Amino acid sequence: MNRLAVTAAGLLVLFAFGTWMAWSYVTDATFVDARYAQNLAEGHGLVYNVGDHNPVEGFTSLLWTLWQSLFALFGADPVLVAQVTGVAAGVATLVLLMRAVDGAAAVVAGCAYVLFLPAYFHLAGGLETGLVALVVLRMAVLGMRVVEERHVVDLEPPLLLVLAATLRPEALIAVLPGFIVWFRSRRLSGQARVGLTIAAVLAAGCVVWTIVQYSHLVPKPWSDAVGSIGFDGAWLWSTVVVFAPLLLLTVALLTWPELRRVGVFFCVTVLAAGVPLVLFGPPEADALHRYAFTVFPVLCLASGVAVAAMAGVRFVQAGVGILAVGWVAVAGVMSPGLPAVANTGVDLERTHAAIGRALADADVPAGARTVAVADPGVIPYYSGWNAVDYSGRNDGLIADGARPDSVVRTHDPAVIVVPSPGENIPDTVHDLDIPIAVAGYSQIGPFQARSGSWQFVFAKPEWAQQVEVKVRAAVARGEQQYGNDYSVTVNRWLNSLKD
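Taking an unreviewed UniProt entry as the reference, the protein chain is identified by name as Glycosyltransferase RgtA/B/C/D-like domain-containing protein belonging to Prauserella sediminis.

Right, dumping it as structure tokens:
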């Protein structure tokens, strides 16, 4: 076994360990996607609520949700499918990095990717992040091969373009440089024409279906998060600091005449992925630079190529490689958002999932099983109840401009769940006037998820006793299983790993 193969095997062991460390982390948004997928698998369509006649595209990724629904048809848990697929995409990314280049380039690229701790939370969190990064990297590898005048299968770039577009809007922009480089070189080949035709048919079908189903093209979570054109200097600076050595090495490719064309291509790809986020602002919940992770493997690859170009001076090559990998590894561990992310899965299980499962078990008639929530993922998913998402992400009326107060009043939910940063009931949440909305309801709780995060449960008097018994018992079991440490610290997460 050669040295590179031994390195790859070692990195896979580290990858498995990192995945285990992050496995408890699942985002609330993952459960939103899973709810859509489950409803589709059961024949209700891509809707948040069964029988919804004004559906909203509240899931984050069309292709990702369809993928989960495929397995849900056979009884698989969509959340587990999402997590496993994300990790598989991470393994494929590592393999692609190690195979796209040789020697020192492969070692630097692979080590930078594997030693970046936030990567494991992005992969295990259940969202499409890992698959998006894999698609962007694959297009970058193809673009590099075209620039170097190497062979490329011409069916692949057009299909990757459609794949990116159906995964996440900004992924389409990130793969455009690779597609354009390929198109300029190969647009007249027979395979290229076939690939373009297939891609055009698939794209047209997705556009028509989306417009007919939802009356818009951009998913609601994205359109809500992206504001007017501006300049998000804070996000840009924090991201640049984390990836500084990788960015510098990518730009350094421009200084080698034989690598200049490849360097230009990598730089344009990085700019294409980053500029939309800088101008429009990254979407909400960009924990641990999740949206910058789209282009992170490309930065790893470009940095590996740059370090390999220093082969003439071995000690410089080794020093630069160690510095780049070490910086990224330390920056990941020291990320301010790591404590909150690392403990999110446990906190959701202890409260949100417990409340959701309790509602599922509560002796409330089917016709009355409606819950109003601000966090539209975990509680509705586990409860199976009809849900009023007063954040507006999954409610067509609110998305069209209706006031959350009137929508909640119209649905007359049996239970209203209200998040709060403290033990006091907030006045408003997502423009919902809480005191008015819960007037006449019986209060249950509050229940603490973590420091600075509480959940108030309000139930109609006729169902209050049934709901309270189940919710309190479920939360108590959650506290017994996960403890009553609510601090947002890395130490709490590390202690949970020891257990």
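Visitor: Whenever I open this one, the packing of helix H1 (residues 3-22) against helix H5 (residues 103-114) confuses me. Can you help?
Guide: Helices that pack against each other are described as a pair by the angle of their axes relative to one another and the distance between those axes. For the pair H1 and H5, the least separation of the axes is 10 Å and the interaxial angle reads 5 degrees. In terms of orientation, H1 lies roughly parallel with respect to H5. Note on element contacts: H5 touches H1 through Gly103, Ala106, Val107, Gly110, Cys111, Tyr113 and Val114, opposite Leu4, Thr7, Leu11, Leu14 and Phe15. Classifying every residue of the contact of H1 with H5 by side-chain character gives nine nonpolar, three polar and no charged.

Visitor: Where do I start with the pairing of strand E7 (residues 453-459) in this structure?
Guide: Extensive coverage of E7 is indicated by the burial of seven of its seven residues. Because side chains alternate across E7, one face comprises the buried residues Ser453, Gln455, Val457 and Ala459, and the other comprises Trp454, Phe456 and Phe458, equally buried. Pairing of strand E3 (residues 415-420) with E7 involves six bridges; the strand directions are antiparallel. Pairing of Val415 across the sheet is with Ala459, part of E7. In this structure, strand E6 (residues 442-450) lies alongside E7, joined through six bridges in antiparallel fashion.

Visitor: Before we go on, may I ask you to explain the environment of Val50 in this structure?
Guide: Mapped onto the elements, Val50 comes out in the loop between helix H2 (28-41) and helix H3 (62-72). Judged by relative accessible area, which is 48%, Val50 ranks as partly exposed. Residues Val50 and Glu128, spaced 78 residues apart in sequence, show a C-alpha to C-alpha distance of 24 Å. Not counting residues within four places of it along the chain, the set of residues in contact with Val50 comprises Asn39, His44 and Asn386.

Visitor: I would appreciate a short explanation of the sheet that holds E7 in the present structure.
Guide: Across a sheet, strands are paired by hydrogen bonds formed along the backbone, either parallel or antiparallel in direction. Taking strand neighbours across the sheet as the criterion, the five strands line up as E2-E1-E3-E7-E6 in an open arrangement whose pairing is mixed. Only two strands of the sheet have a single neighbouring strand rather than two, namely strand E2 (386-389) and E6. Taking each pair of neighbouring strands and ignoring which way they run, the sheet shows an average axis angle of 20 degrees.

So, how was this worked out
- Residues numbered from 1 in each chain as written.
- Predicted model: local features only at pLDDT ≥ 70, side-chain atom pairs only at ≥ 80, totals over all residues.
- Heavy atoms only, no water.
- Axes fitted to C-alpha atoms, helices over the stretch in contact; angles between N-to-C directions.
- Helix = DSSP H or I, 4+ residues; strand = E, 2+ residues; numbered from the N terminus.
- Parallel < 35°, antiparallel > 145°, perpendicular 65-115°, else oblique.
- Contact = heavy atoms within 4.5 Å.
- Nonpolar A, V, L, I, M, F, W, Y, C, P; charged D, E, K, R; others polar.
- Buried < 20%, exposed > 50% of the residue type's maximum accessible area, 1.4 Å probe, protein only.
- Pairing = 2+ DSSP bridges.

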